[in-house]
Amino acid sequence: MSSRALRRLRGKQRGQEALDFGDLTLGDSSEEQAEAEAEEEQLDQANVSLASSKNGSNRKSKKNKAQKNFSNIYELICDADKEAEKISPDEDTEKPGGNKTSSTGLKENKDVKSSSQKEEEEEVATKSLSGDRVKKKKKKKKTKVKSEDGQCQGAAPDDNIDLLLENLEQSNGLGLQSEDCGGSDRRSVLHVEHRNLNPETELKRYFGARAVLGDQRPRQRNRQFHRSTWMTSPKDSWPRFSRPGISMTLFQSKDGIQYFNFEHSRDYQQIQYKFFDAVESMDPNNIVALLQLNPYHIDSLLQLSDVCRIQEDQEMARDLIERALYSFECAFHPLFSLTSGTCRLDYLRPENRAFYLTLYKHMMFLEKRGCPRTALEYCKLILSLDPDADPLCMLLLIDFLTLRSREYQSLLQLYQDWEEHRNLSQLPNFAFSTALCRFHLSQQEDMDPEESDKQKRKADQMLQDALIMFPGVLMPLLDLCTVQPDATVTSHAFFGLKSQIGQPPALAELTSLYVGRTYSLWREAAVMLWLEESVKEVLCRCDAKDPLVEDSQNKRKQRYQSAPRNIHRHVLLSEIKEATSSLPLEVTTQPVMGFDPLPPLDSVMSYTRPERQHVGASSESTLSLFFRSLLPNFNLQGGLRQEDDMEVARAGQELNQEVNRLMVAMRDMLANIRFQEPLREDNPYEDEDEWD
């Protein structure tokens, strides 16, 4: 088989791909086919379309440009119709001749083998037929346009104007949002990528696909089909999924931001009441029994996950969180997007709070598993759900995950965009982490030497400013890094014990949280040498009476007097000992539930739990209390529950009569019981003498 025949066969394979409107030709001549074949021989298997006439090539280039600009296939069809209207009648007269020449062009290939000749004849025939069909369709469309007297042409500009107005409104909404938030584009900071939500993507990058997947790929026979999800994938060991009664609704859409809410059905509300009873019983077995009946109840999964984690069953605790996350993802609204950064959930609603906590616990499991890049993506996702209020204070964590995943530029971009309206430099974690980012960037080998020196100078300046603003960070940081500080540092009043004791309570909470979380990032030898140089420079500036030292001291006294409730909530969820020990008494003295730690004081309740009826039992006997524990409706005195329905009252009266008869029978039985006393032996040591 010749090379030309092989190229023809490859052309057939390319013809099976998706239809490209730019590749449609209307019957090429023999000279044009020869030119196309010459180009194919020069390019050697390149994907080059057949060369058309000059007017045809101009039309195809315009169509290709339009195809790149539009993503809607229907717009491309409309453009093809418009181009068909512009075809001149001279071109229509040339097309039949072109078809004739294409049919007579077969006579020029007599020297080729018979197999290639047959294939060429079939292909040319199909081309001529397709060219005729396209001609007929375009002629019909031309007649339709003429009959409508330009109505379609008049409607098209109006539609385009409406589309332009809608796009302008959306862009103005996003622009207003960015102006309210300090003139920064939040999409670039809070944008989430789907592929980074899967921890296997990061593990494959570290260890390879074969080491991660192994034999996990199911066989085709035993393959089970589940709903495709982004955050988790269902496991075969999980119970069969059924709708637990959770749904998501679109509350409102304003300025390009969509506000969603989770809702509970009536049946799910009844399960919630049973869950509250199980929590009040202080017995985890009751929660297990509830999960056996309702395997995808969210709050039960969260609470039982905490119990398993306390019992050091990390695998089971993580599996329960993933099951809760899968239940939430199956209830998503069709318009809810994880990656856009424009979807909001109100933390004041208890139904939404469970989703926040599920994402946070899943993120912490990923970080402990060794997937900081995936955990960073979930951190941005939680922050995007409510970036203004930030109910879980993800700004206290995002810097740590960014440093661990070595995404230095993204942290610097976040600091630059949000510094104006959020004052990130007043948080100890951002003051030190941004300086550490600059230092790591200056140490990269592929960086230009001048740029490296510039980054190093910026890192030195930022670290010195951070030490002057937050001097209480240094000594606890060196202590956790097992580094003995210099005598000049410990004896100096600026970094001594006085700086630790004189801190405001809120600042002490923030510094202990940062030190307890990120001390492992400062243990590197190069980082320690850099820190030592900066500390010496700060001491020199303190001795020289730098005005920044006094200014920072005044700021510390005025600010950080009391921390907001979301910071306390973050400290409780972090479970860092150094930070939890600095919590105020008003937080540590109140009960904290794992499924809803420190709920907002102004929560919005969509439904309330009915009050339980407590009947006084001071005058009742122990036996009557026993029957009351078995039968809550039991009343020995014969008093009936006040019910509106008479049938229910009559049934209750009959039940009390039966129970009274049972009580009388049990009293008679207990009265006739006689306990026989054992025989008293005169010599209790008689057996011992016999053994001697």
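Quick note: structure is the one above.
All figures in this text were calculated on a predicted structure; none of them were measured in a lab.

## A few points about the overall build of the protein chain
Stage number 1. Check the secondary structure of the protein chain and you find 32 helices and 3 strands.
Stage number 2. Residues counted as buried form 41% of the 692 residues belonging to the protein chain.
Stage number 3. Contacts in the protein chain between residues far apart in sequence, at least 24 positions, make up 73% of those at least 6 positions apart.
Stage number 4. For the protein chain, the accessible surface area stands at approximately 42,300 Å², while carbon and sulfur atoms represent 50% of it.

## A look at the pattern of salt bridges
Stage number 1. Enumeration according to the criterion identifies 19 salt bridges in this entry.
Stage number 2. Glu-322 serves as the salt-bridge partner of Lys-235, at 3.3 Å between the closest nitrogen and oxygen. A residue pair is termed long-range when its members are at least 10 positions apart, and Lys-235 in the loop between helix 10 (209-213) and strand 1 (246-254) and Glu-322 in helix 14 (residues 314-330) qualify at 87 residues.
Stage number 3. Lys-235 sits in the partly exposed class, given a relative accessible area of 29%.
Stage number 4. Notably, a salt bridge pairs Lys-380 with Glu-377, separated by 3.7 Å at the nearest N-O pair. Within this pair, Lys-380 and its partner Glu-377 are both found in helix 16 (residues 372-385), separated by 3 residues, close to a single helical turn. For the residue pair Lys-380 and Glu-377, the accessibility class agrees, reading buried in each case.
Stage number 5. Here the salt bridges do not stand alone but share partners, grouping Asp-306, Arg-309, Lys-361 and Glu-575 into one network.

## Looking at the packing of helix 12 (residues 284-293) against helix 13 (residues 298-310)
Stage number 1. The interhelical angle for the contact between helix 12 and helix 13, taken along N-to-C directions, is 135 degrees, at an axis separation of 10 Å. In terms of their interaxial angle, helix 12 and helix 13 are classed as oblique. Taken as a pair, helix 12 and helix 13 cross one another with a handedness that is left-handed. Counting all contacts with helix 12, which are made through Pro-284, Ile-287, Val-288, Leu-290 and Leu-291, the residues of helix 13 involved are Ser-300, Leu-301, Gln-303, Leu-304 and Val-307.

## Comments concerning the environment of Leu-291
Stage number 1. Structurally, the position occupied by Leu-291 is in helix 12.
Stage number 2. Expressed as a C-alpha distance, the spacing of Leu-291 and Phe-275, which sit 16 residues apart in the sequence, is 9.5 Å.
Stage number 3. Once residues within four sequence positions are removed from consideration, Leu-291 is found in contact with His-297, Ser-300, Leu-301 and Leu-304.

So, how was this worked out
Residues numbered from 1 in each chain as written. Predicted model: local features only at pLDDT ≥ 70, side-chain atom pairs only at ≥ 80, totals over all residues. Heavy atoms only, no water. Helix = DSSP H or I, 4+ residues; strand = E, 2+ residues; numbered from the N terminus. Buried < 20%, exposed > 50% of the residue type's maximum accessible area, 1.4 Å probe, protein only. Contact = heavy atoms within 4.5 Å. Areas by Shrake-Rupley, 256 points an atom, 1.4 Å probe, with all protein chains shown as cover. Salt bridge = Lys/Arg side-chain N within 4 Å of Asp/Glu carboxyl O. Axes fitted to C-alpha atoms, helices over the stretch in contact; angles between N-to-C directions. Parallel < 35°, antiparallel > 145°, perpendicular 65-115°, else oblique. Left-handed = near helix turned anticlockwise from the far one by under 90°.

Interpretation in functional terms is not warranted from these geometric data alone.
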